[in-house]
Amino acid sequence: MSEEKTKGQTLAEELFYKKKSAFELWSEDERKAAMSYCEGYSAFLDDAKTEREAVEAAIAMLSKAGFRAYKLGDALQAGDKVYYNNRGKSLYAMVVGTEPIECGVRISAAHIDSPRLDLKQHPLYESEGFGYFKTHYYGGIRKYQWATIPLALHGAVTKMDGETVNVRIGDLPGDPVFCLTDLLPHLAKDQNSRPLGSAFTGEGMNVLISASPYFEEDGKLTPASDKVKLAVMAYLNEKYGMTESDFMSAELCIVPAGNAVDVGFDRWLIGSYGHDDRVCAYPALTAMIENKDCPHTLMCVLADKEETGSEGVTGMQCSLIVDLIDELARNLNGNPNVIRANSMCLSADVNAGFDPNYPEVYEKRNTAIVSAGVAMSKYTGSGGKGGTNDASAEFVAKIRAMFKEHNVLWQTAELGKVDQGGGGTVAKYIAKANIDTVDLGVPVLSMHAPFEIVSKADVYSAHKAFSAFCK
Ligand code: MN
Ligand code: MN
C-alpha cells in the first residue's frame, strides 16, 4: 500500500509550527549533557542564596577562568577578560572582543536577588519566652508559603569601623534552622475564612529564633531583664562580634534552608529556592566563561534589586551599564552612542511554565511548556502590555536565526492569560539606553515560592542559547 503524502499533508508539514520537547528532539548524548551541566548549576544554587553570595560565587568562577578585577578608569584592550564588582551585590563581567567596538556589545543580563524575608533594622525581640526576628519581605511572595518550613539566615553585618562580617546559618549539616509558625487546623476557623492573600500579614512574619533565657557563668538564670533577647545577643556577639545597634547597618535575610535537589523519579526537574533568577544567571555566566575566540565584545550582567523594581545603585536602573560602555568607548576609540545603538541584549529572566494543575491562568498556545526549551518573550507587562519592552520583529528575527544556526531548543512565551496578572523584567531599563533587548529565560513552576521547579532540559537550553549569543 503506497503511503504517498497528499499535497495538503506536505504543506502542513512545511507551513505549520509545532512546538516539540527536548525529549522528542534530543539524542541520548544531549540528554546526558543536560543532566551533567545541571550538576554545576545545582552546586551554584547551594553556594549562592543571596545576591552577595552569588557575586562571590561568580567571581570565583571568573577568576578561575582568568578574568581579573576591573575598576572604572582602568585601561581596557581587545582580549581583556574582566569583571566589575559593584558593591559586592551586582557584577558586570566583560570580554573585550577583537572586532571594532562600534560593532556593539552583546549583553546578557540576569538578576541574582530572589524574594525572601529581610530583617528589619530593629529586628530582635522576645515574647513569652521565645526570641524572634521582625522581618519585612523582599519582592513578591505568597506569605503562607513561608510558614512551617526550615529557614536559614544569610547576609552581612557592617560595623561602624567598616568591617563586614558574613552570616550564614541553617544550610550546613548540623546547623540549626529557624521558622515561622502557623496555626493548628483545630484553631484555624477564623484564619481559614480569610482570603489566601490576607490570611497572613506582613507584620505577622516574625521568625522564631530561640527559646531559652541567658544563663550566668555559674549556670544560674540571669537576673537581667530581656533574658531571651540577651541570650541571642550574647551568642551573636560571641560569634560575629556584633551588638544590637549593628543590626542598623546589616543586610540579613531569611531564606529557605537546604540545598537544591532533583525532583521526580527520573530526576529531570530541579527543586530549589532562588531559581528566579540564578537559573538564567548561571547559564549566561558559564556561556561567557566557556566562550573561545569570540570576535564580539561580551558583557554578562548579574543584577541586584530586580525583585523590588531594579532601583538603587545595584539595580539595573543604575547608569553603571551605560558608564561601562562609555569606558569601553574611551579605551577602544569608539563613539559610545554608536556602540549602544549597535549593541544587543538578552534580558535573561525566568518565565512561568505551564502548570497542568492550574490550567485556568494560562493560555496554553502562548505559554512556555516545561522541557520545551528556553523561552523568549517578545513582550512582557500587564493590562495591555503596560510596562513592556516589546522587542522589534527585526530583532526577534535576528535572535531566531542565531538560535537556528546553533541548534538551540527554544519557544516563545507569554506570562499567563491576558489580564490575569503579568510582570516585568530588567529589559526595559536596558532598552532605555538605546540597546535592542528581548527577554529570554527558563520556564519555572511555583515561581517565587521557597521551592521552585525547573527542568534540566530548559536550563541546558538556556546555556546553549547564551553560548550561541557568545559566538
Ligand atoms: Mn526574575
Ligand atoms: Mn522574580
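Refer to the structure above for everything that follows.
Thresholds applied
- Residues numbered from 1 in each chain as written.
- Chains lettered and ligands numbered in written order.
- Predicted model: local features only at pLDDT ≥ 70, side-chain atom pairs only at ≥ 80, totals over all residues.
- Heavy atoms only, no water.
- Donors = N, O, S within 2.8 Å, 3.2 Å for Na, K, Ca; no water.
- Helix = DSSP H or I, 4+ residues; strand = E, 2+ residues; numbered from the N terminus.
- Expected span 1.5 Å × (residues − 1).
- Buried < 20%, exposed > 50% of the residue type's maximum accessible area, 1.4 Å probe, protein only.
- Contact = heavy atoms within 4.5 Å.
- Pairing = 2+ DSSP bridges.
- Axes fitted to C-alpha atoms, helices over the stretch in contact; angles between N-to-C directions.
- Core = buried A, V, L, I, M, F, W, Y, C linked by side-chain atoms within 4.5 Å.
- Parallel < 35°, antiparallel > 145°, perpendicular 65-115°, else oblique.
- Left-handed = near helix turned anticlockwise from the far one by under 90°.
- Polar contact = N/O pair within 3.5 Å; in protein donor to acceptor, adjacent residues only side chain to side chain.
- Salt bridge = Lys/Arg side-chain N within 4 Å of Asp/Glu carboxyl O.

Engineer: I tried to follow the coordination of the manganese ion (ligand 2) on my own but got confused; where do I start?
Structural biologist: Each pair of donors in an ideal octahedron of six around a metal sits at 90 or 180 degrees, and each pair in an ideal tetrahedron of four sits at 109.5 degrees. Protein-derived ligands of the manganese ion (ligand 2) are Asp276 (OD), Glu307 (OE), Glu307 (OE) and His448 (NE2), with the metal-ligand distances lying across 2.0 to 2.6 Å. Sequence spacing among the residues donating to the manganese ion (ligand 2) works out to D-x30-E-x140-H. Here the manganese ion (ligand 2) and the manganese ion (ligand 1) are spaced 3.2 Å apart, and both take aspartate 276 as a donor. Note that aspartate 276 is positioned in helix α8 (residues 275–290) and histidine 448 in the loop between β19 (443–444) and β20 (452–455), a separation of 172 residues in sequence.

Engineer: How do you make sense of helix α3 (residues 28–47) when you look at a structure like this?
Structural biologist: Given 3.6 residues per helical turn, the α-helix brings residues three or four places apart onto the same face. Over its 20 residues, α3 runs 30 Å from end to end, which matches the ideal 28 Å to within 8%, given 1.5 Å per residue. Among the residues of α3, Glu30, Ala34, Tyr37, Cys38, Tyr41, Ser42, Phe44 and Leu45 are the ones counted as buried. Where the residues of α3 are buried, they touch α4 (51–64), β12 (269–272), α8 and α13 (456–469).

Engineer: Help me understand the sheet that holds strand β16 (residues 374–377), please; the structure alone is not making it clear to me.
Structural biologist: Within a sheet, neighbouring strands are paired by backbone hydrogen bonds and run either parallel or antiparallel to one another. Taken together, the nine strands give an open sheet; going across it, the order is β1-β2-β3-β13-β4-β14-β18-β16-β17, and neighbouring strands pair in mixed fashion. What marks the edges here is a single partner per strand, and that holds for β1 (68–69) and β17 (410–412). Pairing of strand β3 (residues 90–95) with strand β13 (residues 297–303) involves five bridges; the strand directions are antiparallel. From the neighbouring strand, tyrosine 92 faces β13, where its bridge partner is valine 301. Contacts from α8 reach β3, β4 (105–111), β13, β14 (344–348) and β18 (436–441), with the element oriented near 150 degrees to β4.

Engineer: Got a minute to help me understand the nonpolar core in this structure?
Structural biologist: Generally speaking, soluble globular proteins have nonpolar side chains that are buried together. Leu302 and Ile399 are the most contacted members of the largest nonpolar core, which totals 66 residues. Isoleucine 399 has contacts with Leu346, Met376, Val438 and Phe469, leaving out every residue within four places of it along the chain. Formed by 30 residues, the second largest nonpolar core is a distinct cluster that contains Trp146, Ala152, Leu252 and Tyr273.

Engineer: Can you walk me through the coordination of the manganese ion (ligand 1) in this structure?
Structural biologist: At this site the manganese ion (ligand 1) is bound by His111 (NE2), Asp276 (OD), Asp349 (OD) and Asp349 (OD), with donor distances of 2.1 to 2.6 Å. All donors of the manganese ion (ligand 1) come from a single chain, and their spacing in sequence reads H-x164-D-x72-D.

Engineer: Even after reading the chapter, I still don't get the packing of α3 against α8, so can you show me in this structure?
Structural biologist: A pair of packed helices can be characterised by two numbers: the angle between their axes and the separation between those axes. α8 packs onto α3 with a crossing angle of 125 degrees between their chain directions and a minimal axis gap of 10 Å. With respect to α8, the axis of α3 lies oblique. Here the hand of the crossing between α3 and α8 comes out right-handed. Listed contacts from α8 to Tyr37, Gly40, Tyr41, Phe44 and Leu45 of α3 are His275, Arg278, Val279, Tyr282, Pro283 and Thr286.

Engineer: Please clarify how the side chain of aspartate 304 should be interpreted in this entry.
Structural biologist: Among the structural elements, aspartate 304 can be located in the loop between β13 and α9 (320–332). At a separation of 2.7 Å, a polar atom in the side chain of aspartate 304 contacts the side chain of threonine 314. Beyond its immediate stretch of four places on either side in the chain, aspartate 304 contacts Glu51, Lys89, Ser90, Asp113, Tyr138, Thr314, Gly315 and Met316.

Engineer: I'm lost on the pattern of salt bridges in this one. Help?
Structural biologist: For the structure shown, the criterion picks out 25 salt bridges. Across the pair lysine 49 and aspartate 171 runs a salt bridge, and its minimum N-O distance is 2.7 Å. Taken as a pair, lysine 49 in the loop between α3 and α4 and aspartate 171 in the loop between β8 (164–169) and α5 (189–192) lie far apart in primary sequence, 122 residues in all. Taken as a pair, lysine 49 and aspartate 171 share a single burial class, namely buried. Where arginine 116 meets glutamate 51, a salt bridge forms, and the shortest distance between an N and an O atom there is 2.8 Å. In this pair, arginine 116 sits in strand β5 (residues 116–127) while glutamate 51 sits in helix α4, placing the two residues 65 residues apart along the sequence.

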